[in-house]
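# Close look at the chain arrangement
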Amino acid sequence: EAFGFEARDMVDELADSGQKIQFSSARRVTVRRPNKVASEIEGDLIKERVRYDGSSLTVLDFREKVYGQIQVPDNIDETLDFVAERFGITMPLADLLFSEPFSAMDGDPRLGQYIGLHDVLGTKCHHLAFRQNAIDWQIWIDAGDKPLPRKLVITYKAVPGQPQYIAHFHKWNVAADLPDSAFVAKIPEGFKRIDLQEIVASDMPVESPPGKQLPAASGRG
């Protein structure tokens, strides 16, 4: 019902020369069901904070000192779908936030296979691979007594150059206890309000995977 994690992720951007350039970021995500999400992300191309308090979604862009805010449904699942349908984006690692993560990730697989027990930064994990029409994706699940995701790789087959998104997960907390105030957006002095779509557009490198560098395995965005 409440959990948090940190992730280090990498995403490819296709340069004009045709070379894939990799950018990285670090993010922290906290969820309290049914309707609270807080996220921070900082990396080579982005520095943002996202707050969902059960009625509104706020995205703050610390590079440009602007923010966008919209009214959204009163639960996480419907809000993720609403944002994906309206803006064509996904929230940070959105598939892991749904109430039924497997159903969200499952999408339209044409092939799935168990690869074996493999190591992820010192943790023995079950390695699974799936193929869908537009993407291939792999996930590594901790083989110990806490079967949590440790790594995710998505290959965007329909995007020129077939760029990849890679995320390593750590610092899982499956009993995160945060007050309501932790999910309420605090607008810094001097920040200008703009349309949320403008923030989304500015965060999407040309020819990069969809989802403002926060792709989901289901391709909901």
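Residues numbered from 1 in each chain as written. Predicted model: local features only at pLDDT ≥ 70, side-chain atom pairs only at ≥ 80, totals over all residues. Heavy atoms only, no water.

## Looking at the overall build of the chain
A tally of helices and strands in the chain yields three helices and twelve strands. Looking at the chain as a whole, 48% of its 221 residues are labelled buried. With an accessible surface of roughly 10700 Å², the chain has 49% of that area assigned to carbon and sulfur atoms. (Helix = DSSP H or I, 4+ residues; strand = E, 2+ residues; numbered from the N terminus. Buried < 20%, exposed > 50% of the residue type's maximum accessible area, 1.4 Å probe, protein only. Areas by Shrake-Rupley, 256 points an atom, 1.4 Å probe, with all protein chains shown as cover.)

## Some details on helix H1 (residues 76-87)
Taking 1.5 Å per residue as the helical rise, H1 with its twelve residues ought to reach 16 Å, and the 16 Å between its terminal C-alpha atoms agrees with that figure. For H1, the full list of buried residues reads Ile76, Thr79, Leu80, Val83, Ala84 and Phe87. Viewed along the axis of H1, the buried residues span an arc of 130°, placing them on a single side of the element. Gly88 sits one or two residues past H1 and shows a positive phi near 70°. (Expected span 1.5 Å × (residues − 1). Arc of directions from axis to C-beta.)

## Some thoughts on the nonpolar core
With 42 residues, the main nonpolar core has Phe5, Leu93, Leu97, Leu152, Tyr165 and Phe169 as its most contacted residues. Among all residues touching Leu152, those that are not within four sequence positions of it are Leu93, Trp137, Gln138, Ile139, Trp140, Tyr165, Ile166, Ala167 and Phe169. Formed by five residues, the second largest nonpolar core is a distinct cluster that contains Val120, Cys125, Val153 and Ile166. (Core = buried A, V, L, I, M, F, W, Y, C linked by side-chain atoms within 4.5 Å. Contact = heavy atoms within 4.5 Å.)

## Regarding the packing of aromatic side chains
The relative placement of two aromatic rings is captured by the distance of their centres and the angle of their planes. Inspection of the entire model under this criterion finds six aromatic pairs. Ring plane angle 40° and centroid distance 4.8 Å describe the contact between Phe5 and Trp172, whose orientation is recorded as tilted. With Phe5 in strand S1 (residues 2-14) and Trp172 in strand S11 (residues 164-173), this pair connects stretches of sequence that are 167 residues apart. Trp172 matches Phe5 in its accessibility class, with the two residues each being buried. The rings of Phe3, Phe5, Phe169 and Trp172 are connected pair by pair, giving a single aromatic cluster. The lysine or arginine in question, Lys151, covers the ring of Trp140, its NZ or CZ lying 4.5 Å from the ring centre. (Phe/Tyr/Trp six-rings, centres within 6.5 Å; stacked < 30°, edge-to-face > 60°. Lys NZ or Arg CZ within 6 Å of the ring centre and 35° of its normal.)

## Re the sheet that holds strand S7 (residues 111-120)
Spatially, the twelve strands line up as an open sheet ordered S7-S8-S9-S10-S11-S1-S2-S3-S4-S5-S6-S12, and their pairing is mixed. Where the open sheet ends on each side, the last strands, each with one partner, are S7 and strand S12 (192-193). Where strand S6 (residues 66-71) lies against S12, two bridges are found, and the strand directions are parallel. Considered in S12, the bridge of Tyr67 is made with Arg193. Along the sheet, H1 contacts strand S2 (20-32), strand S3 (36-43), strand S4 (47-52), strand S5 (56-61) and S6; its crossing angle with S6, the most-contacted strand, is approximately 115°. (Pairing = 2+ DSSP bridges. Axes fitted to C-alpha atoms, helices over the stretch in contact; angles between N-to-C directions.)

Spatial relationships are all this shows, so hold off on functional conclusions.
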